[in-house]
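Spelled out from the first residue to the last, the chains are:
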Amino acid sequence: MNQLKSLFLLLLSFNVLAQNSPVDHLNKLSTDYDQINKDTWDYVRQASRGKSANKLEKRRTELASTLKTAKYNVSKVPVYQGDNSLKKAYINYLGLTYNMINNDYKKIVDMEKVAEDSYDAMEAYLLTKERTNKRMDSASTALSAAQDEYVKKYNITVREDKSRISRKLNNAGSVIEYYNKIYLIFYKSSFYEGEMINAISSNNVGDIEQFRQTLEMVSKEGTEDLAKIGSFRDDNTLKDVCFKMLEFYYGEAVKYMPKQVEFYAKKDRFETLSKNINAKKQKQLTQKEVDDYNKAVEEYNAAINDFNETNDYLNKYRSKRFKDFNDAIENFYRKFM
């Protein structure tokens, strides 16, 4: 009986020690962390890959609530043998991440609504996301360092699948920063092409020419700026596809759009002469007026064919370039995030 009692006490003692081991302390602190890390990573990855932050709003608010609860749970975990370092690191990480998801990304959602109104608005929107993710990187890196120090101190082996997501979060900032540099160069030309196309829809020859000249300038400058950017970990795909996009914009502005502007000039001449012809009786028309009108009709009809062919060509290759660009972005994020 005494032997059984002694064995029971030994097992009880062993069980108590196991529950208060450094591994047990680590597990208690990371109970919510592993899932939160995955959820945070999933949110950041989707919000950074061009998916509407507004569409992710429900997920953002849910994640913020989960982070707040997790921080509270961690605060209740007892300190391990006077060592408060890891607990403090978890609390700092969860608090900083909560503030970024709850406050910074809320601001990002609001900025997204007006991001495409101008190049400056888009730049501010992307740079805010970039700064937020860099702060998140720093918070994740600080926690990873505290984890590494703790497991080294107590000779604990950490599973690879847990540390892999942490490394991805640590890496997100540099990926997003590189993407933003490329995307802003692309977006500047894309924005002014959009303004030029809007002017075409409004038949405003003056605005068409103004935005055509601007597109020529910014696409040329963009190519020069892009050439100064290196590869990302020996990967040039995003940079190369942006070069092709800018090549399209420059060719559109220099080679094809002057023909479209010329079309509207011929259209205006035809409509003006047509209005003058219709305002007079046939016997009041001079031979020169008739000849000028017939010539305008001929030139306008020919210009319509050229205009339509050019539009078809531009639409076809614009769609192809856009697809290539979007595919490259998707592949870039898949590879590095």
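About the thresholds
- Residues numbered from 1 in each chain as written.
- Predicted model: local features only at pLDDT ≥ 70, side-chain atom pairs only at ≥ 80, totals over all residues.
- Heavy atoms only, no water.
- Helix = DSSP H or I, 4+ residues; strand = E, 2+ residues; numbered from the N terminus.
- Buried < 20%, exposed > 50% of the residue type's maximum accessible area, 1.4 Å probe, protein only.
- Contact = heavy atoms within 4.5 Å.
- Areas by Shrake-Rupley, 256 points an atom, 1.4 Å probe, with all protein chains shown as cover.
- Salt bridge = Lys/Arg side-chain N within 4 Å of Asp/Glu carboxyl O.
- Axes fitted to C-alpha atoms, helices over the stretch in contact; angles between N-to-C directions.
- Parallel < 35°, antiparallel > 145°, perpendicular 65-115°, else oblique.
- Left-handed = near helix turned anticlockwise from the far one by under 90°.
- Nonpolar A, V, L, I, M, F, W, Y, C, P; charged D, E, K, R; others polar.
- Phe/Tyr/Trp six-rings, centres within 6.5 Å; stacked < 30°, edge-to-face > 60°.
- Polar contact = N/O pair within 3.5 Å; in protein donor to acceptor, adjacent residues only side chain to side chain.
- Expected span 1.5 Å × (residues − 1).
- pLDDT = per-residue confidence, 0-100.

A. Expanded view of the overall build of the protein. Summing up its helical and strand segments, the protein has ten helices and zero strands in all. Looking at the 337 residues of the protein, the share that counts as buried comes to 41%. Taking the intrachain contacts of the protein between residues at least 6 apart in sequence as the baseline, contacts between residues at least 24 apart amount to 80%. Approximately 19100 Å² of the protein is accessible, and the part contributed by carbon and sulfur atoms is 50%.

B. Summary view of the pattern of salt bridges. This structure, assessed with the given rule, holds 21 salt bridges. Measuring nitrogen to oxygen at the nearest pair gives 2.8 Å for the salt bridge that ties K335 to D235. Of this pair, K335 sits in helix α10 (residues 287–336) while D235 sits in the loop between α8 (205–227) and α9 (237–278), and the two are 100 residues apart along the sequence. Taking the relative accessible area as the measure of exposure, K335 reaches 55% and is therefore exposed. Here D235 falls in the buried class, since its relative accessible area comes to 8%. What emerges from the salt-bridge pattern is a single network uniting K106, D110 and K113.

C. Molecular detail of the packing of helix α3 (residues 33–48) against helix α4 (residues 57–75). It is the contact of α3 with α4, at a shortest axis distance of 11 Å, that shows an interaxial angle of 150 degrees. As far as their axial angle goes, α4 and α3 are roughly antiparallel. When you trace α3 past α4, the crossing you get is left-handed. Contacts between α3 and α4 involve I36, D39, T40, D42, Y43 and Q46 from the first element and R59, R60, L63, T66, L67 and A70 from the second. Grouping the amino acids of the contact of α3 with α4 by side-chain chemistry returns five nonpolar, three polar and four charged.

D. The packing of aromatic side chains, seen in detail. With the rule as written, the count across this model stands at 29 aromatic pairs. Measuring from ring centre to ring centre gives 5.1 Å for Y256 and Y313, while their planes differ by 35 degrees; the resulting arrangement is tilted. With Y256 in helix α9 and Y313 in helix α10, the pair connects residues that are 57 residues apart, well separated along the chain. When the centroid spacing of 5.7 Å and the interplanar angle of 85 degrees are considered together, the rings of Y264 and F307 count as edge-to-face. Of the two residues, Y264 is situated in helix α9 and F307 in helix α10; the sequence distance between them amounts to 43 residues. Overall, the relative accessible area of 11% leaves F307 in the buried class.

E. Examining the side chain of S30 more closely. Here S30 shows up in the loop between α2 (22–29) and α3. Assessed through its relative accessible area of 7%, S30 is described here as buried. Here the side chain of S30 touches L26 through a polar contact of 2.9 Å, landing on its backbone oxygen.

F. Focus on helix α6 (residues 119–153). With 35 residues, α6 extends 50 Å from end C-alpha to end C-alpha; this agrees with the ideal 51 Å at 1.5 Å per step. Looking one or two residues beyond α6, the residue adopting positive phi is N155, at roughly 55 degrees.

G. Here's a closer look at the confidence of the model for the protein. With 89% of its residues at a pLDDT of 70 or more, the protein has an overall mean of 85. Per-element mean pLDDT across the protein ranges from 37 in helix α1 (residues 2–19) up to 95 in α8. Ignoring residues within four places in sequence, the model shows residues 1–19, a span with pLDDT below 50, making three contacts including any to other chains.

H. Spotlight on the environment of S231. Along the chain, S231 turns up in the loop between α8 and α9. Counting along the chain gives 53 residues from S231 to Y178, while the straight-line C-alpha distance between them is 9.0 Å. Non-local contacts of S231, meaning those with residues more than four positions away in its chain, are made with Y178 and N236. Within the structure, S231 has its side chain in polar contact with the backbone nitrogen of D234 (distance 3.4 Å).

I. Quick peek at unusual backbone geometry. In this structure, Q81 takes a positive phi of about 45 degrees despite not being glycine. At R233, a residue that is not glycine, the phi angle is positive and equals roughly 50 degrees. The class of R233 is partly exposed, set by a relative accessible area of 49%.

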